[in-house]
Amino acid sequence: MAHQNVITIGTGNIGAEFIAQVAEKDAPYLRRHPNPTNIVGMVNSEGWLYTPGGVAIQNSPLAIRTFQALDSVAVTQGKSRTALKDWMKTQQGYERGGNLSELLYEITKQGLVDDVVFVDLTANDLTSFHQEVIESGGKIVTANKIPVAQSSWGIFELLTQFRRRYGFSCSVMAGAGAVPFLRDAFDTGDTVESIEGCFSGTLGKLCNLLYEGNITFLEAVSQLKVGGDTEPDPRDDLSGMDVARKIVILARTAGYQVDLKDVEIEPFIPGGFRELTDCGVEEFMAKSYVFNQEMAWKFETAKSQGKTLRYVASLKIEYGQPIVKLGLREEALDSPLGSLKGNGNKIVVCTSAYSGDVPYELSAPGSGTHITAGNVRRDLLQLLSNREM
């Protein structure tokens, strides 16, 4: 068996779902296939647990699902997720307040740095840690967009140059395959001429809910937040910043030196949105009713013309320079983007091989913890040097 030892960073929605999927489908005790995932460590904001033989909870699917259920109830009651964190604190090998650099040092000291994959399932700025791991010879799979979107071009190149040591497919479209396509296009000299698409399953769901017209803007956002479809702060979705990070990642993967400051961003709700960026999340949610009428009018207007609205990101090359924009746009109901359902994402890419008449297109779910967690597990397989059949 080619065990793959992993350390999960983050025990929130996606982190807990990843652990649950490993426990149900992938852990060594199941002996279901020759490439099992062995979770040897778990990290969150309060400390870390490191058990070289494997953490006990990966052998108990019922336990992790119970913790998920308890944490979901806590969130609906306006409380923090503590069930999985509290379990970690009871385990031998738990270090309260231990930081990631200390954990990396411990693993390096034991000569195991090339035998462990760190799995970043947070939305925190862990760029420095990613750099530490890669420079030490380690491996990372990440669904976290910040290290690859908000770092300098030089750091992006440092991290992503190692195809078998750094997996970041799940930073866009929940890992559907947009990043691998663009990376292969770059490596084969197939020049990317344009990228267009809907890259937020959250905003896609929101658009479809508002188009149906049976729910207000505030009700729709609240529903998505409780269901775990939004970022912890929904303003990361509504501001366009989450989509901006994704289009930057795609542009960089295609070889263009684009930074967030180069992106022309129109928020999902332009009018009055910026006035509510300085308050807390709960206050923002409480005041979001002010957008109900504006958003209802926009969707009713589009609907009367046989169209809908989509939040579209695009990259075009003009005079050799990448131009990146995003904003709410009218789309015909039968168009590639207008016809998307639910949380569907779509990317449309024109390259020197895939012309404007027949572009490369890929559609997939763009949000959902189970989708992202499952694709993180697929990304891990790409880093297995001795993958068995």
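Structure: above.
So, here's what we can say about the structure. (Residues numbered from 1 in each chain as written. Predicted model: local features only at pLDDT ≥ 70, side-chain atom pairs only at ≥ 80, totals over all residues. Heavy atoms only, no water.)

Describing the sheet that holds strand 3 (residues 47-50)
- In space, the 7 strands of this open sheet follow the order 4-3-2-1-5-6-7, with mixed pairing throughout. At either margin of the open sheet sits one strand with a lone partner, and together these are strand 4 (94-96) and strand 7 (166-167).
- Bridging between strand 2 (residues 37-44) and strand 3 involves 4 bridges; their strand directions are antiparallel. Looking at the pairing, Met42 lines up with Leu49 of strand 3. (Pairing = 2+ DSSP bridges. Helix = DSSP H or I, 4+ residues; strand = E, 2+ residues; numbered from the N terminus.)

With respect to helix 10 (residues 217-226)
- For helix 10, the full list of buried residues reads Phe217, Leu218, Ala220, Val221 and Leu224. Down the axis of helix 10, the sector holding all buried residues measures 165°, keeping them to one side.
- Structurally, helix 10 contributes buried residues whose contacts are with helix 9 (201-212), helix 11 (235-238), helix 13 (281-287) and helix 14 (292-304).
- Positive phi appears at Gly228, one or two residues downstream of helix 10, with a value of about 80°. (Buried < 20%, exposed > 50% of the residue type's maximum accessible area, 1.4 Å probe, protein only. Arc of directions from axis to C-beta. Contact = heavy atoms within 4.5 Å.)

A closer look at the side chain of Lys139
- With respect to the helices and strands, Lys139 occurs in strand 6 (residues 139-142).
- We note that Lys139 is buried and unpaired, the nearest opposite charge coming from Asp115 at a distance of 6.8 Å.
- Among residues more than four places away in sequence, those in contact with Lys139 are Asp114, Val116, Val117, Phe118, Val133, Arg164, Arg165 and Leu383. (Lys, Arg positive; Asp, Glu negative; His and termini not counted. Salt bridge = Lys/Arg side-chain N within 4 Å of Asp/Glu carboxyl O.)

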